[in-house]
Amino acid sequence: NNIGNFGKEIRIIGSHDVEIKNNVNMRHIYLIRDSNQEIFNINIHDNEFGSVQGYGQAYDGLGLGTGIVIKDNTIYESVSLSGAFAAGPFIITGNTFPNGSGYDTHMSIGTYGSAQYQDSHGVGGHTITGNTFVGGERGIILHGNNNSEISGNTFQGQNRGIILVG
């Protein structure tokens, strides 16, 4: 599939108890925490799309929310759940990243570019299992990996499969 031909995006803003399933040719799924409203109990499964991007209020220590599951999808670009105190824990399992758009990093959690918050790596406790990563420079970058389970993932062609920070 050519990601350039993919359709519209989905934005989940300050919501909870949402299921996104059985969709094809979606461009992006955005998870956005609005003000003090965390998003939680989001189940994204059995889809084909470009990316999942999550944004919280980076400096308030609350992150995105909990109960976010990304399972059994084909993801052509990346999963990026960013921000100091990013959130979680997340469950990301059984996904395939075929590198359809040549992304350097397929999955990043808890990263944020501000030097002021560089040591604020999130809550940890993530489950990242059974995913397949093809091509690209890096498979997984995880900031805040305390008590996280990372197992059973397959890496094909990366220079670095897993990078753990904090």
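Criteria and cut-off values
- Residues numbered from 1 in each chain as written.
- Predicted model: local features only at pLDDT ≥ 70, side-chain atom pairs only at ≥ 80, totals over all residues.
- Heavy atoms only, no water.
- Helix = DSSP H or I, 4+ residues; strand = E, 2+ residues; numbered from the N terminus.
- Buried < 20%, exposed > 50% of the residue type's maximum accessible area, 1.4 Å probe, protein only.
- Contact = heavy atoms within 4.5 Å.
- Areas by Shrake-Rupley, 256 points an atom, 1.4 Å probe, with all protein chains shown as cover.
- Phe/Tyr/Trp six-rings, centres within 6.5 Å; stacked < 30°, edge-to-face > 60°.
- Lys NZ or Arg CZ within 6 Å of the ring centre and 35° of its normal.
- Salt bridge = Lys/Arg side-chain N within 4 Å of Asp/Glu carboxyl O.
- Pairing = 2+ DSSP bridges.
- Axes fitted to C-alpha atoms, helices over the stretch in contact; angles between N-to-C directions.
- Core = buried A, V, L, I, M, F, W, Y, C linked by side-chain atoms within 4.5 Å.

**Student:** Sorry if this is basic, but what is going on with the overall build of the protein here?
**Tutor:** Looking only at helices and strands, one finds 0 helices and 16 strands in the protein. Here the protein holds 166 residues, and the buried ones make up 47% of them. Of the contacts formed within the protein by residues at least 6 apart in sequence, a portion of 54% connects residues at least 24 apart. Total accessible area on the protein is roughly 7400 Å²; 42% of this is exposed by carbon and sulfur atoms.

**Student:** Looking at this structure, how should I read the packing of aromatic side chains?
**Tutor:** Any pair of aromatic rings gets described here by the distance separating the centres and the angle formed by the planes. Throughout the structure, instances matching the rule amount to 2 aromatic pairs. Judged by centre distance (4.8 Å) and plane angle (15 degrees), the ring pair of Phe97 and Phe133 falls under stacked. A residue pair is termed long-range when its members are at least 10 positions apart, and Phe97 in strand 9 (residues 96–97) and Phe133 in strand 12 (residues 132–134) qualify at 36 residues. The pair Phe97 / Phe133 is uniform in exposure class, with both members buried. On the basis of an interplanar angle of 5 degrees and a centroid distance of 5.1 Å, the ring pair of Phe133 and Phe155 is categorised as stacked. Here Phe133 is found in strand 12, whereas its partner Phe155 is found in strand 15 (residues 154–156), with 22 residues between them in sequence. Residue Phe133 is classed as buried on the basis of its relative accessible area, which comes to 0%. Feature note: the residues Phe97, Phe133 and Phe155 constitute an aromatic cluster, connected by ring pairs. Here the basic side chain of Arg11 rests over the ring of Tyr30, its NZ or CZ set 4.4 Å away from the ring centre.

**Student:** How do you make sense of the pattern of salt bridges when you look at a structure like this?
**Tutor:** Working definition: two side chains of opposite charge can pair if their charged atoms are close together. Following the criterion strictly, the structure yields 2 salt bridges and no others. Of the charged contacts in the structure, one is a salt bridge between Glu9 and Arg11, with a shortest N-O distance of 2.7 Å. Put simply, Glu137 and Arg160 hold a salt bridge, and the shortest N to O gap is 3.8 Å. In this pair, Glu137 sits in the loop between strand 12 and strand 13 (138–143) while Arg160 sits in strand 16 (residues 160–165), placing the two residues 23 residues apart along the sequence. Its relative accessible area of 24% is what places Glu137 among the partly exposed residues.

**Student:** Looking at this model, I keep getting lost on the sheet that holds strand 14 (residues 149–151). Mind explaining?
**Tutor:** Adjacent strands of a sheet pair through backbone hydrogen bonds, lying either parallel or antiparallel. Spatially, the 6 strands line up as an open sheet ordered 2-4-6-8-11-14, and their pairing is parallel. Lying at the two open borders of the sheet, with one neighbouring strand each, are strand 2 (16–21) and strand 14. When the angles between neighbouring strand axes are averaged without regard to direction, this sheet yields 5 degrees. Examined bridge by bridge, strand 8 (residues 90–93) and strand 11 (residues 127–129) share 3 bridges and lie parallel to one another.

**Student:** Please explain the nonpolar core as it appears in this structure.
**Tutor:** If you look at the biggest cluster of nonpolar residues, it comprises 25 residues, and the most contacted ones within it are Leu31, Val79, Leu81 and Met107. Among the secondary structure elements, those contributing two or more residues to this core are strand 3 (26–32), strand 4 (40–45), strand 5 (48–55), strand 6 (68–71), strand 7 (74–82), strand 8, strand 10 (105–109) and strand 13. Ignoring any residue separated from it by four or fewer positions in sequence, one finds Leu31 in contact with Ile12, Ile39, Ile42, Ile44, Val52, Gln53, Gly54, Tyr55, Leu64, Ile68 and Leu81.

**Student:** For this particular structure, what's the right way to read the pairing of strand 3?
**Tutor:** Each regular strand carries side chains that alternate between the two faces of the sheet. Taking burial as the measure, the 7 residues of strand 3 include 6 buried ones, the bulk of the element. Inspection of the sheet shows strand 1 (residues 10–13) paired to strand 3 by 4 bridges, in the parallel sense. By the bridge assignment, Ile13 is partnered in strand 3 with Ile32. Of the pairings in the sheet, the one linking strand 3 to strand 5 comprises 6 bridges and is parallel in character. Along strand 5, the bridge assignment pairs Ile32 with Tyr55.

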